[in-house]
Amino acid sequence: MFKKLLVANRGEIALRIIRACQELGIKTVAVYSEPDRESLHVRFADEAVCIGPASPTESYLDAARIIASAEITGAEAIHPGYGFLAENAEFSEICRRSGIVFIGPSANQIQAMGDKATARETMQRLGVPTVPGSKGLVPDLENAKGIACDIGFPVMIKASAGGGGKGMRVVENEEELPKLFHTTQAEAQATFGNSDIYIEKYISGIRHIEIQIFGDSHGKVVHLGERDCSTQRRHQKLIEESPSSGMTSQMRKSMGKAAIAAGQGIDYVGAGTVEFLVDEEGEYYFIEMNTRIQVEHPVTEVVTGLDLVKEQIRVAFGEELSFPSGEPSLQGHAIEFRINAEDPSRNFMPSPGCIQTFQPPGGPGIRLDTHLYTGYQVPPYYDSLLAKLIVSGSNREEAIVRGRHALDSFIIEGVQTSIPFLSQITRDDEFIAGGVDTGFVERFLKRWVKE
Ligand code: ADP
């Protein structure tokens, strides 16, 4: 096994990776930006290297500084976590050329799935249904008009390099198209450094259901069941669950098969997630693949009893997958609540600041992945995720009740958080009934009584 691994990330995921390494007997190197000096990932790693100022481009996104840190400390492998360099094909290649193992797929595999328009084409070639839309990229407004009129409004204009719910616009009719086409293009350039865009039919009343896959370097690809991530606000996930309400074993088999075909089609190695939109009839359409560990991986860990991060490291070392092939058996029900430093009563405005009180929940079926502690200063420079509360029970009902009480006893003072909002969702009849579509949060917001 590796002797030393560098964690090229921050926050809760950096801690998650450090814990996996500790269990595997691997020494860890943390990298951090100046405002992250007092972070737990710096404290808990065996060594730590300051790689620059707050700006991600001068720290967590700076490949040269990270590679240099690995070389200076003698780390043999780099785990990128999620975000930052996790889906950067060039970084995966730089690691390889520097003789450092990138814990994730090769540059070719990231390229095949990393940009969303190419991923659509790859999946179409593999016979997996995709959302009706453009064949590849849409070069200009004239083309966009032709495609949108062919497939019919509403359509969605999407940045090919997009992610995290950003770089997407719903276009209701032809009049709106010119303005939104150019805005999305400009935004894609500004946010992702790439203005490539493509078009999909906008499907309403759908659910977001994704399949966790895993491949090893010996040609085996398996799937580990689904996560339902339909509880979203502005295309960003708030709550994730496994299994998905209403999922039949036949649907799981069929979607699992499509996801495995995606992995096998590109000789995929490592953890990956194949995302689908599912309509009311149970028809599913591929939207994208994420070639990394997902924020919401713990719900899969809870219902399968597996450790996906340890498995990523083992597979990157060249070991065979330790999971059996075939249909996974999912035990009980798990729900993840994303707790963000934001104020739901003020349109989810970010709320950085000092954590004055931190009192986490506990008890049966509670898992908390967080980097918070009393006195921690939440910096304004990075994403607002403070903690992931993962609750489980023998069924969905029990998981919801546990989630409600865990949220209610979770005290974070000093910054505003999404906890009260999430707690109200666990009391909402539509949520409790299960099977909500991606429009649920918008509907909930209209009936939500702010405290
Ligand atoms: P990102 O990579 O930014 O997460 P995705 O392509 O995965 O973007 O889409 C994020 C969310 O946006 C989906 O979960 C879904 O709610 C919504 N969405 C994406 N494509 C469509 C579509 N064609 N029709 C309706 N909703 C969509």
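Predicted model, so just to flag it, every value in this text is computed and none were measured.

J.: Just checking my understanding: could you explain the overall build of the protein chain for this structure?
T.: From N to C terminus, the protein chain includes 15 helices and 22 strands. At 21 Å, the protein chain has a C-alpha radius of gyration in line with the 22 Å of a compact globule built from 451 residues. Taken along its principal axes, the extent of the C-alpha atoms in the protein chain is 60 × 55 × 45 Å. Going through the 451 residues of the protein chain one by one, you find that 55% of them count as buried. Considering only contacts in the protein chain between residues 6 or more positions apart, those separated by 24 or more positions represent 64%. About 18200 Å² of surface is accessible on the protein chain, with carbon and sulfur atoms providing 48% of the total.

J.: When you look at the environment of Lys135 in this model, what are you seeing that I'm missing?
T.: Locating Lys135 in the fold gives a position in the loop between α6 (116-125) and α7 (141-151). Put simply, Lys135 and Gln124 are 11 residues apart on the chain and 9.9 Å apart in space, counted from C-alpha to C-alpha.

J.: Even after reading the chapter, I still don't get the domain arrangement of the protein chain, so can you show me in this structure?
T.: A common way to report how large an interface is uses the accessible area buried once the components associate. Along its sequence, the protein chain is carved into domain 1 (4-103), domain 2 (132-201) and domain 3 (207-447). Of note, the centres of domain 1 and domain 3, computed from C-alpha atoms alone, are 23 Å apart. If you look at the interface, domain 1 gives 35 residues, while domain 3 gives 29 residues. Interface area for domain 1 against domain 3, summed over the two sides, is near 2400 Å², with a carbon-plus-sulfur share of 61%. The three residues of domain 1 that bury the most area against domain 3 are Glu12, Arg16 and Tyr82, which together make up 26% of that side's buried surface. Here domain 1 is connected to domain 3 by 5 salt bridges. Residue Glu23 is joined to Lys310 by a salt bridge in which the shortest nitrogen-to-oxygen separation is 2.6 Å. For the side of domain 1 that touches domain 3, the secondary structure elements donating two or more residues are α1 (11-24), α2 (40-44) and β5 (101-102). Among the elements that line the side of domain 1 that touches domain 3, the one with the most residues is α1, at 10 residues.

J.: Could you clarify how one ought to interpret the pattern of salt bridges in this entry?
T.: If the charged atoms of two oppositely charged side chains come close together, the side chains can form a pair. Taken as a whole and assessed by the stated rule, the structure comprises 31 salt bridges. Its salt-bridge partner being Arg120, residue Glu200 comes within 3.4 Å of it at the nearest N-O pair. Placement of the pair is Glu200 in strand β8 (residues 197-201) and Arg120 in helix α6, with a sequence separation of 80 residues. The class of Arg120 is buried, set by a relative accessible area of 2%.

J.: I tried to follow the nonpolar core on my own but got confused; where do I start?
T.: When a protein is soluble and globular, its nonpolar side chains tend to lie buried together. Counting 36 residues, the largest nonpolar core has Ile239, Phe337, Ile339, Ile355, Leu386, Ile412 and Phe421 as its most contacted members. Those elements that provide at least two residues to this core are β11 (236-242), β14 (333-340), β21 (385-393), α12 (396-408), α13 (419-425) and α15 (440-447). Setting aside its immediate chain neighbours within four residues, Phe421 contacts Leu238, Pro344, Phe348, Val441, Phe444, Leu445 and Trp448. Membership of the second largest hydrophobic core comes to 29 residues, among which are Leu5, Ile17, Ile18 and Ile103.

J.: Honestly, the site of the ligand in this entry has me stumped. Any pointers?
T.: Around the ligand, the surrounding shell holds 23 residues, and the nearest of these are Lys158, Gly165, His208, Gln232 and Glu288. A distance of 2.9 Å separates a nitrogen atom of the ligand from a polar backbone atom of Lys201. For the ligand, an oxygen atom lies 2.8 Å from a polar atom in the side chain of Glu275. Across the complex, the protein chains shield 96% of the 550 Å² of accessible surface that the ligand would expose by itself. For the shell around the ligand, the elements supplying multiple residues, two or more each, are β6 (155-163), β7 (166-171), β8, β12 (270-278) and β13 (284-290).

J.: Which parts of the structure should I look at to understand a negative patch on the surface?
T.: On the surface, Glu172, Glu174, Glu175 and Glu176 cluster together to form a negatively charged patch. Residue placement: Glu172 occurs in the loop between β7 and α8 (177-192). Judged by relative accessible area, Glu172 falls into the partly exposed class, the value being 45%.

J.: Explain the packing of aromatic side chains to me, please; I cannot follow it from the model alone.
T.: Two measures describe an aromatic ring pair: the distance that separates the ring centres and the angle between the ring planes. Enumeration over the complete set of coordinates arrives at 16 aromatic pairs. With a centroid separation of 4.9 Å and 80 degrees between ring planes, the pair formed by Phe2 and Phe317 is classed as edge-to-face. Of this pair, Phe2 sits in the segment before β1 (4-7) while Phe317 sits in the loop between α11 (308-316) and β14; the two residues are 315 residues apart in sequence, bridging distant segments of the chain. On the basis of relative accessible area, Phe2 is assigned to the buried category, the value being 5%. Look at Phe440 and Phe444: their rings are 5.9 Å apart centre to centre, the planes differ by 35 degrees, and that puts the pair in the tilted class. Of this pair, Phe440 and Phe444 both sit in helix α15, 4 residues apart, which is roughly one turn of the helix. The class for Phe444 is buried, based on a relative accessible area of 4%. Among the aromatic side chains, those forming a connected cluster through ring pairs are Phe348, Phe421, Phe431, Phe440, Phe444 and Trp448. Between the NZ or CZ atom of Arg396 and the centre of the ring of Phe431, over which it lies, the distance is 4.9 Å.

J.: I would appreciate a short explanation of the sheet that holds β7 in the present structure.
T.: Strand pairing in a sheet relies on backbone hydrogen bonds, with the paired strands running either antiparallel or parallel. Read from one edge to the other, the open sheet built from 3 strands follows the order β7-β6-β8, with strand pairing classed as antiparallel. Looking at the sheet topology across the chains shown, the edges are occupied by β7 and β8. Here the strands of the sheet are splayed against their neighbours by 25 degrees on average, with no regard to which way each runs. As judged from the 5 bridges shared by β6 and β8, these two strands associate in the antiparallel manner. When the sheet's bridge partners are listed, Ala159 is paired in β8 with Ile197.

J.: Would you take a moment to explain the pairing of strand β2 (residues 27-33) for this structure?
T.: Every regular strand shows the same layout, with side chains that alternate between the two sheet faces. Within β2, 6 of the 7 residues are buried, which leaves the element mostly enclosed by the surrounding structure. Across 4 bridges, β1 lies against β2 in parallel orientation. Opposite Leu6, over in β2, you have Val29 as the bridge partner. With α1 bridging β1 and the parallel β2, this β-α-β connection has right-handed handedness. In the sheet, β2 pairs with strand β3 (residues 47-52) via 5 bridges, with the strands oriented parallel. Residue pairing in the sheet places Ser33 in a bridge with Gly52 of β3.

Criteria and thresholds
Residues numbered from 1 in each chain as written. Predicted model: local features only at pLDDT ≥ 70, side-chain atom pairs only at ≥ 80, totals over all residues. Heavy atoms only, no water. Helix = DSSP H or I, 4+ residues; strand = E, 2+ residues; numbered from the N terminus. Rg over C-alpha atoms; globule rule 2.2 N^0.38 Å. Buried < 20%, exposed > 50% of the residue type's maximum accessible area, 1.4 Å probe, protein only. Contact = heavy atoms within 4.5 Å. Areas by Shrake-Rupley, 256 points an atom, 1.4 Å probe, with all protein chains shown as cover. Domains from an automatic or database assignment. Buried area = accessible area lost by both parts, 1.4 Å probe. Salt bridge = Lys/Arg side-chain N within 4 Å of Asp/Glu carboxyl O. Core = buried A, V, L, I, M, F, W, Y, C linked by side-chain atoms within 4.5 Å. Near = heavy atom within 4 Å. Polar contact = N/O pair within 3.5 Å; in protein donor to acceptor, adjacent residues only side chain to side chain. Patch = residues over 30% accessible without salt bridge, like charges linked within 9 Å, V, L, I, M, F, W, Y side chains within 5 Å. Lys, Arg positive; Asp, Glu negative; His and termini not counted. Charge placed at Lys NZ, Arg CZ, Asp CG, Glu CD. Phe/Tyr/Trp six-rings, centres within 6.5 Å; stacked < 30°, edge-to-face > 60°. Lys NZ or Arg CZ within 6 Å of the ring centre and 35° of its normal. Pairing = 2+ DSSP bridges. Axes fitted to C-alpha atoms, helices over the stretch in contact; angles between N-to-C directions. Right-handed = clockwise from strand over helix to strand, strands pointing away.

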